[in-house]
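So you can see what is in the structure, the chains are spelled out below.
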Amino acid sequence: MEAKIIEIKNKALSELENINNLKELEEFKNTYLSRSSELTNLKKGMKDVSPEDRPKIGSLLNEVSRELENLAFQKYELFYAKELNEKLNAEIIDVTLPSTFIPRGKVHPLTQTVNEIVEIFEHLGFSITEAKNSPEVEVEKYNFDLLNFPPEHPAKDMQDTFYTEVGKNVVLRSQTSNAQVRTMEHTNPPIKVISPGRVYRSENVSARKNDLFHQIEGLYVDKGVKFSHLKGVLNEFIRLYFGASRPIRFRSSYFPFTEPSVEIDVQCIMCGGKGCPTCSGTGWLEVLGAGMVDPNVLKGVDIDPDVYSGFAFGMGVERLTMLKYAIDDIRLFFNNDVRFLKQF
Ligand code: PHE
């Protein structure tokens, strides 16, 4: 038995010599130090050893086990440190390497303006009308008739409208004012809504005009709404959007669906009011039309004009953006040149 133990020990020691990594060490431990190892089996056989030999054999077995365990642990510490180091070196990160370029998207300047204006009007108590009240493909009834354009009225030619072949009287809306009538048609006052969207007019495209552009419509209908409310709200809007220092003027105007009607001009930022090509030499640029809702429009949607009154406005998103950032050509918004878009 003693010889057997020594033999196992020598075999184990020579194997241990040749072990070079944690995986081999693991196998070694399974063979020599596990519960199914030869040494363990010998320990189990101690009951068959004669009583006088037992102490000697027992302590030899323990001694050999302990020695092998110690040696294996030393190897373990060695290999563990070595393998950890190798792993760290292999995964080393060079923080000085240049990073990969990830291009960043941006919100289009027109969308930024719409968001900004919507926020201002929400602050003033308006909410956005439902999308179903603001279709871009529209019937003449909502684009013109219910807005008090008489059938053969020259005002219908005021805007050169795109007619579609989808059906008779189907147009690409020429103004967001369709949202006014559609909202009023199935909403009881008080109504206090805005409605941003695209509009289409058959224009000769130039630095100032595009055949697709954006408007934000506004409508406030309640008992006792007066022109002074219109002035207050729109003055406040201009002040919040441009800041207090930008000169503006109210100019009387005409729209079939408002009476009285006004337009607001903002001083041209390109020339500071001196006159330049952008403002056709006038020093001013029109940014919105507005007025008190015509009683005929209210009647057309079954709102009693003797009880209710209201004001409406429609503003040009491109114009407002151009005037804020001194952009002198409306076409820049639609070319999608990233060098332009990146600046906002
Ligand atoms: N719809 C008019 C336009 O496009 C603007 C407007 C809106 C005027 C609402 C008065 C009231 O020019």
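Residues numbered from 1 in each chain as written. Predicted model: local features only at pLDDT ≥ 70, side-chain atom pairs only at ≥ 80, totals over all residues. Heavy atoms only, no water.

### Overview of the sheet that holds strand 6 (residues 212–222)
So, point 1. Taken together, seven strands build an open sheet; the order of strands is 1-5-6-10-9-8-7 and the sheet is mixed. Every interior strand has two partners, whereas the edge strands, strand 1 (127–128) and strand 7 (248–255), have only one.
So, point 2. Pairing analysis gives five bridges linking strand 9 (residues 284–293) to strand 10 (residues 309–316), with the strands arranged antiparallel. In the sheet register, G291 faces strand 10, and the bridge partner there is A312. (Pairing = 2+ DSSP bridges. Helix = DSSP H or I, 4+ residues; strand = E, 2+ residues; numbered from the N terminus.)

### Points about the side chain of R246
So, point 1. Looking at the element boundaries, R246 is found in the loop between helix 8 (227–242) and strand 7.
So, point 2. Here R246 is buried and forms no salt bridge, its nearest opposite-charge partner E116 lying at an N-O distance of 10 Å.
So, point 3. A distance of 2.9 Å separates the side chain of R246 from the backbone oxygen of L323, its partner in a polar contact.
So, point 4. In this structure, R246 is in contact with V266, Q267, I269, L323 and K324, ignoring residues within four places of it in sequence. (Buried < 20%, exposed > 50% of the residue type's maximum accessible area, 1.4 Å probe, protein only. Lys, Arg positive; Asp, Glu negative; His and termini not counted. Salt bridge = Lys/Arg side-chain N within 4 Å of Asp/Glu carboxyl O. Polar contact = N/O pair within 3.5 Å; in protein donor to acceptor, adjacent residues only side chain to side chain. Contact = heavy atoms within 4.5 Å.)

### Brief notes about the site of the ligand
So, point 1. Taken together, 14 residues form the shell around the ligand, and within it Q175, S177, R201, Q215 and G314 come nearest.
So, point 2. Look at the ligand: alone it shows 330 Å² of surface, and the protein chains cover 94% of it.
So, point 3. Its atoms largely coinciding with the cavity grid, the ligand occupies the largest pocket.
So, point 4. Among the elements that take part in the shell around the ligand, strand 10 stands out by supplying three residues, more than any other.
So, point 5. Among the residues making up the shell around the ligand, the classes are represented as five nonpolar, seven polar and two charged. (Near = heavy atom within 4 Å. Areas by Shrake-Rupley, 256 points an atom, 1.4 Å probe, with all protein chains shown as cover. 1 Å grid on protein atoms, 1.4 Å probe; cavity = no way out; pocket = protein on both sides within 12 Å on 5 of 7 lines; lining within 4 Å. Sits in = over half its atoms within 2 Å of the grid points. Nonpolar A, V, L, I, M, F, W, Y, C, P; charged D, E, K, R; others polar.)

### Remarks on a nonpolar patch on the surface
So, point 1. Taken together, F73, Y76, Y80, L84 and L88 make up a surface patch of nonpolar side chains, about 490 Å² in accessible area.
So, point 2. Here L84 is to be found in helix 4 (residues 54–90).
So, point 3. For L84, a relative accessible area of 39% puts it in the partly exposed group. (Patch = residues over 30% accessible without salt bridge, like charges linked within 9 Å, V, L, I, M, F, W, Y side chains within 5 Å.)

### Points about the layout of surface pockets
A probe as big as a water molecule, rolled over the atoms, marks out the empty space that is left.
So, point 1. Its volume calculated, the largest pocket comes out at about 840 Å³.
So, point 2. Lining the largest pocket are 41 residues, with R201, F213, Q215, E263 and E286 positioned closest to its centre.
So, point 3. Among the secondary structure elements, those contributing two or more residues to the lining of the largest pocket are strand 6, strand 7, strand 8 (258–267), strand 9, strand 10 and helix 10 (317–325).
So, point 4. Here the lining of the largest pocket gets eight residues from one element, more than from any other, and that element is strand 9.
So, point 5. Each pocket or cavity is described by its volume, and for the second largest pocket that value is around 230 Å³.
So, point 6. Class assignment of the residues belonging to the lining of the second largest pocket gives a composition of four nonpolar, two polar and three charged. (Points joined across faces, edges and corners; volume = space filled by probe spheres on them.)

### A short note on the pattern of salt bridges
So, point 1. Here the structure, examined in full by the defined rule, presents 13 salt bridges.
So, point 2. For R239, the salt bridge is made with E236, and the minimal N-O distance between the two is 3.0 Å. With a gap of three residues between them, R239 and E236 both fall in helix 8, about one helical turn apart.
So, point 3. Overall, R239 belongs to the partly exposed group, its relative accessible area being 42%.
So, point 4. Between R249 and D265 there is a salt bridge, and its shortest N-O distance comes to 2.9 Å. Taken together, the residues R249 in strand 7 and D265 in strand 8 connect sequence positions 16 residues apart.
So, point 5. Several salt bridges share partner residues, and in doing so they unite R249, R251, E263 and D265 into one network.

### Topic: the packing of aromatic side chains
So, point 1. Scanning all chains against the criterion turns up 18 aromatic pairs.
So, point 2. Taken together, a centroid distance of 4.7 Å and an interplanar angle of 80 degrees make the contact between Y241 and F242 edge-to-face.
So, point 3. On the basis of relative accessible area, F242 is assigned to the buried category, the value being 13%.
So, point 4. Ring geometry for F255 versus F257: centroids 5.8 Å apart, planes at 35 degrees, classification tilted. The two residues F255 and F257 agree in class, both being buried.
So, point 5. Three or more aromatic residues joined by ring pairs make a cluster, and in this case those are F121, F126, Y220, F237, Y241, F242, F311 and F313.
So, point 6. Above the plane of the ring of Y142 lies R182, whose end atom (NZ or CZ) is 3.8 Å from the centre. (Phe/Tyr/Trp six-rings, centres within 6.5 Å; stacked < 30°, edge-to-face > 60°. Lys NZ or Arg CZ within 6 Å of the ring centre and 35° of its normal.)

### With respect to the domain arrangement of the protein
So, point 1. What the domain assignment lists for the protein is domain 1 (2–90) and domain 2 (109–341).
So, point 2. Placing a centre on the C-alpha atoms of domain 1 and another on those of domain 2 gives a separation of 90 Å. (Domains from an automatic or database assignment.)

### Digging into the pairing of strand 7
So, point 1. By the bridge criterion, seven bridges tie strand 7 to strand 8 in an arrangement that is antiparallel. By the bridge assignment, R249 is partnered in strand 8 with D265.
So, point 2. What sits between the antiparallel neighbours strand 7 and strand 8 is a turn of two residues.

### Remarks on helix 7 (residues 178–185)
So, point 1. Buried residues dominate helix 7, accounting for seven of its eight residues.
So, point 2. Taken residue by residue, helix 7 has N178, A179, Q180, V181, R182, T183 and M184 as its buried positions.
So, point 3. In this structure, the buried side of helix 7 is in contact with strand 2 (137–139), helix 6 (140–143), strand 5 (191–200), strand 6, helix 9 (295–300) and strand 10.

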